[in-house]
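In case you want the letters, here they are:
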Amino acid sequence: MKVNIIGVGRVSSSVARNLFGKVKFGYVISRDKSKAENLAKEIGAEAKTYEDDFLLSGILLFGVNDSALLEVYKLIEKKVDKNVVAIHFSGFFPSGILPENWSPASMHPNCAVSNEWYNFKDVVFGIEGTERGLQLAKYLVELLGGKYVVIPKERKAEYHLAAVIASNFPIALAYLSQKLYTDIGFSEELSRKVISKLFESVSQNIASKNLKDALTGPVKRGDWEVVKQEGKIFNEYFPEFSELYDILVKVLKQLNEK
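Residues numbered from 1 in each chain as written. Predicted model: local features only at pLDDT ≥ 70, side-chain atom pairs only at ≥ 80, totals over all residues. Heavy atoms only, no water.

Q: Sorry, what's going on with the packing of helix α1 (residues 10-19) against helix α2 (residues 33-43) here?
A: Axis angle and axis distance: for two packed helices, these are the angle between their axes and the distance between the axes, and together they describe the pair. At a minimum axis separation of 9 Å, α1 and α2 run at an interaxial angle of 15°. Taken together, the axes of α1 and α2 are roughly parallel relative to one another. In this structure, α1 crosses over α2, and the sense of that crossing is left-handed. Residues Ser 13, Ala 16 and Arg 17 of α1 pack against Leu 39, Glu 42 and Ile 43 of α2. Of the residues assigned to the contact of α1 with α2, the class counts are three nonpolar, one polar and two charged. (Axes fitted to C-alpha atoms, helices over the stretch in contact; angles between N-to-C directions. Helix = DSSP H or I, 4+ residues; strand = E, 2+ residues; numbered from the N terminus. Parallel < 35°, antiparallel > 145°, perpendicular 65-115°, else oblique. Left-handed = near helix turned anticlockwise from the far one by under 90°. Contact = heavy atoms within 4.5 Å. Nonpolar A, V, L, I, M, F, W, Y, C, P; charged D, E, K, R; others polar.)

The following block contains the structure:
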């Protein structure tokens, strides 16, 4: 069964490169013909745009933005053979956003894919879908060297929110942290290195301990005077986010008291 890549994004490109040599590819389809051609050349596929003539069969991997899923579906719906399996990578939308007769499934990687050469070894994918689609999603995850957990399709929004909180919100906190570091003389490069090392140590603690035991710092120790004084500094630097510090301290205190 051939694998077709629809949309040349970071996730779909990384998946294609990781599957190269393990599956046979059919088409790579993109609005940008040059992008399709570059990836197709690497994986031994045929490049097409949505306006070209083609007939898709086998597995369809949708690597497009969430907002473009329905639009792209409409562009190819008359160019799809029978008995296909359609799999998208959205963490928010359920598999049912694609036609039931396409045996749809979704497989969302719980990782921050920041380039087109990402290695999915040991990454946990959240998967759901029809029986046939789910079977092939599991197969593909295994070929990628990843792991999977089957999630309820009606809980995709909550599932994706959990991923967003863990992967996106720390970047917002890093942005605030960097402002403080650079204001006292750190270079941007050094501040990123310091922040990344802090994140790395926190990540290791989360991996090896429960969250309460992974917590460090003044809230953990009960140093409330330090918490109070640093709250004042936070509000001086970031008056537009004045409530954020108190909210996060409240969350950490609740965790520490569990």
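From this point, the narrative continues.
Q: Before we go on, may I ask you to explain the packing of aromatic side chains in this structure?
A: Each pair of aromatic rings is reported with the distance of its centres and the angle of its planes. Under the counting rule described, the total for this entry stands at 10 aromatic pairs. On the numbers, 5.4 Å between centres and 55° between planes, the contact of Tyr 118 with Phe 120 is tilted. On the basis of relative accessibility, which here comes to 0%, the residue Phe 120 falls in the buried class. Ring geometry for Tyr 181 versus Phe 186: centroids 4.9 Å apart, planes at 35°, classification tilted. (Phe/Tyr/Trp six-rings, centres within 6.5 Å; stacked < 30°, edge-to-face > 60°. Buried < 20%, exposed > 50% of the residue type's maximum accessible area, 1.4 Å probe, protein only.)

Q: Whenever I open this one, the sheet that holds strand β2 (residues 25-29) confuses me. Can you help?
A: Sheet strands line up and pair through hydrogen bonds in the backbone, either parallel or antiparallel. Ordered in space as β3-β2-β1-β4-β5-β6-β7-β8, the eight strands form an open sheet in which the pairing is mixed. Sheet topology places β3 (46-48) and β8 (147-150) at the edges, where each strand pairs with a single neighbour. Shown here is a sheet whose adjacent strand axes are inclined to one another by a mean of 25°, direction ignored. Taken strand by strand, α2 contacts β1 (3-6), β2 and β3, and its axis lies near 170° from that of β3. (Pairing = 2+ DSSP bridges.)

Q: Can you walk me through the pairing of β1 in this structure?
A: Two faces, one strand: in a regular strand the side chains alternate between the faces of the sheet. Both faces of β1 are covered, namely the face carrying Val 3 and Ile 5 and the face carrying Asn 4 and Ile 6. Between the parallel pair β1 and β2, the chain is carried across by α1, and the sense of this crossover is right-handed. With four bridges joining them, β1 and strand β4 (residues 59-62) adopt parallel strand pairing. Each residue of the ladder has a partner; that of Ile 6, found in β4, is Phe 62. (Right-handed = clockwise from strand over helix to strand, strands pointing away.)

Q: Explain the pattern of salt bridges here, please?
A: Side chains bearing opposite charge may pair, as long as their charged atoms lie close to each other. Under the criterion given, the structure shown has nine salt bridges. Salt-bridge contacts for Asp 52 lead to Lys 33; the nearest nitrogen and oxygen are separated by 3.9 Å. Of this pair, Asp 52 sits in the loop between β3 and β4 while Lys 33 is found in helix α2, placing the two residues 19 residues apart along the sequence. Residue Lys 48 is joined to Glu 46 by a salt bridge in which the shortest nitrogen-to-oxygen separation is 3.4 Å. The class of Glu 46 is partly exposed, set by a relative accessible area of 40%. (Salt bridge = Lys/Arg side-chain N within 4 Å of Asp/Glu carboxyl O.)

Q: Explain the nonpolar core to me, please; I cannot follow it from the model alone.
A: Soluble globular proteins tend to pack their nonpolar side chains together in the buried interior. Residues Ile 5, Leu 19, Leu 61, Ile 87 and Met 107 are the most contacted members of the largest nonpolar core, which totals 33 residues. Broken down by element, this core gets its largest block of residues, six residues, from helix α4 (residues 131-143). Counting residues in hydrophobic clusters, the runner-up holds 20 residues, among them Phe 54, Val 72, Val 80 and Ile 97. (Core = buried A, V, L, I, M, F, W, Y, C linked by side-chain atoms within 4.5 Å.)

Q: Explanation requested: a nonpolar patch on the surface in the structure shown.
A: Residues Leu 161, Ile 165 and Phe 169 make up a contiguous nonpolar surface patch of about 280 Å² in total accessible area. Following the sequence through the fold, Ile 165 ends up in helix α5 (residues 156-167). (Patch = residues over 30% accessible without salt bridge, like charges linked within 9 Å, V, L, I, M, F, W, Y side chains within 5 Å. Areas by Shrake-Rupley, 256 points an atom, 1.4 Å probe, with all protein chains shown as cover.)

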